[in-house]
Amino acid sequence: SSLVARLASYVANGGEGQSARFGGGRWASPKMAAIAGVAMAAYDLAYGSTAPNLAVVAASGEVQLLSYEVDGTSFEPVTATTPWEELARPPPPIKFSISAGKGQVSLVAGLTFVPVSSHTQGAVYRGVFVQKIVRRMKASSGEPIGPPLKVVELGASVVVTIQVTTPDDLSRVTLEDFASGGLEPVDASVAGDTKGSTATGCGRGYISPW
């Protein structure tokens, strides 16, 4: 009955404990897992699922979607794909026919949508493009000069520029930039050098110089 099937699903999912071992959210104790395993084995035995002998066909109108037959010796799953163009317009509901026999089968139907053409007009880009450049700092002005650096000499002052680009109006975006290895952020008010200093306005976070 449907009630027995629901009880079996409840046991397989760990009952109130929701065992992750059986698809739930928490791990059950070895004792409870063993009891659930024995109960499921007894359920399969009672319904003939240990040696099923049946055939099932799924169809939408005149189009056969899936055919599966098992005789108790093979339990391999079967998959089938039907192009949308082969179905009627609109497609009739899927109907299942099962031959007389014993055992249980589980069927899953899915739909993969592939657009005929790609519409780019009015498209929305939800990504964020982040660029980070390290350049040498000009002592007289504190401005970055020269090409991006791959190697920084000991004691040199550099300016780190971070550019965030997005065509969309985004909210609740947090950007964290950790100091690169070997570089140390400089607090201009402590170091005595106000050139090139740009404070974020949040505590002691400084963008440059580094």
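Residues numbered from 1 in each chain as written. Predicted model: local features only at pLDDT ≥ 70, side-chain atom pairs only at ≥ 80, totals over all residues. Heavy atoms only, no water.

### A short note on the overall build of the chain
Then, number 1: Counting secondary structure elements, the chain contains three helices and eight strands.
Then, number 2: Start at the N end of the chain and walk to the C end: the helices and strands fall as α-α-β-β-β-β-β-β-α-β-β.
Then, number 3: Sequence separation of at least 24 residues holds for 50% of the intrachain contacts in the chain that already meet a minimum separation of 6.
Then, number 4: Accessible area of the chain: about 15,900 Å², with a carbon and sulfur share of 57%. (Helix = DSSP H or I, 4+ residues; strand = E, 2+ residues; numbered from the N terminus. Contact = heavy atoms within 4.5 Å. Areas by Shrake-Rupley, 256 points an atom, 1.4 Å probe, with all protein chains shown as cover.)

### Some details on unusual backbone geometry
Then, number 1: Going from R89 to P90, the amide bond is cis rather than trans, its omega being -5°.
Then, number 2: Relative to the elements of secondary structure, P90 occurs in the loop between β2 (63–70) and β3 (94–98).
Then, number 3: Residues other than glycine seldom take positive phi values, yet R172 does so here, at roughly 55°.
Then, number 4: In this fold, R172 is placed in the loop between β6 (158–165) and α3 (188–191).

### Brief notes about the sheet that holds β2
Strand pairing in a sheet relies on backbone hydrogen bonds. The paired strands run either parallel or antiparallel.
Then, number 1: The antiparallel open sheet is built from three strands, whose spatial order is β2-β1-β3. Single-partner strands in this sheet number two, and they are β2 and β3. Looking at each pair of strands side by side, their axes are set apart by 15° on average, direction ignored. (Pairing = 2+ DSSP bridges. Axes fitted to C-alpha atoms, helices over the stretch in contact; angles between N-to-C directions.)

### A short note on the confidence of the model for the chain
Then, number 1: With 72% of its residues at a pLDDT of 70 or more, the chain shows a mean pLDDT of 76.
Then, number 2: Within the model, pLDDT remains below 50 along residues 17–25, and this stretch shows 27 contacts once partners closer than five positions in the same chain are excluded.
Then, number 3: Below a pLDDT of 50 lies the segment residues 196–210, which in the model reaches 40 contacts outside its immediate sequence neighbourhood of four places, other chains included. (pLDDT = per-residue confidence, 0-100.)

### Overview of the environment of K102
Then, number 1: On the secondary structure map, K102 appears in the loop between β3 and β4 (129–137).
Then, number 2: In this structure, the C-alpha to C-alpha distance between K102 and A55, residues 47 residues apart in sequence, is 9.6 Å.
Then, number 3: In this view, K102 contacts Y47, G48, A51, P52, N53 and L54; residues no more than four positions away in its chain are not counted.

### Describing helix α2 (residues 30–46)
Then, number 1: For α2, built from 17 residues, the straight-helix expectation of 24 Å at 1.5 Å per residue is met to within 8% by its first-to-last C-alpha distance of 24 Å.
Then, number 2: G48 lies just past α2 and shows a positive phi near 75°. (Expected span 1.5 Å × (residues − 1).)

### Focus: the pairing of strand β1 (residues 54–60)
Then, number 1: β1 sits mainly inside the fold: five of its seven residues count as buried.
Then, number 2: Two elements, β1 and β2, share seven bridges in a ladder whose sense is antiparallel. Across the sheet, the residue bridging to S60 is V63, located in β2.
Then, number 3: The antiparallel pairing of β1 with β2 creates a hairpin that spans two residues between the two strands, and G61 there sits at a positive phi of about 65°.
Then, number 4: Note: β1 against β3, five bridges, orientation antiparallel. The residue of β3 that forms the bridge with A59 is K95. (Buried < 20%, exposed > 50% of the residue type's maximum accessible area, 1.4 Å probe, protein only.)

### Observations regarding the side chain of S60
Then, number 1: With respect to the helices, strands and loops of the structure, S60 is situated in strand β1.
Then, number 2: Only 2.8 Å separates the side chain of S60 from the backbone oxygen of P92, close enough to count as a polar contact.
Then, number 3: Contacts of S60, omitting those with residues within four sequence positions, involve L65, L87, P91, P92 and P93. (Polar contact = N/O pair within 3.5 Å; in protein donor to acceptor, adjacent residues only side chain to side chain.)

### With respect to the pairing of β4
Sheet faces and side chains relate simply in a regular strand, where the side chains alternate between the two faces.
Then, number 1: Inspection of the sheet shows β4 paired to β6 by eight bridges, in the antiparallel sense. Residue pairing across strands places V130 opposite V164, the latter belonging to β6.
Then, number 2: One ladder, built from two bridges, connects β4 with strand β5 (residues 144–145); its direction is antiparallel. Within β5, the residue paired with M137 across the bridge is P144.

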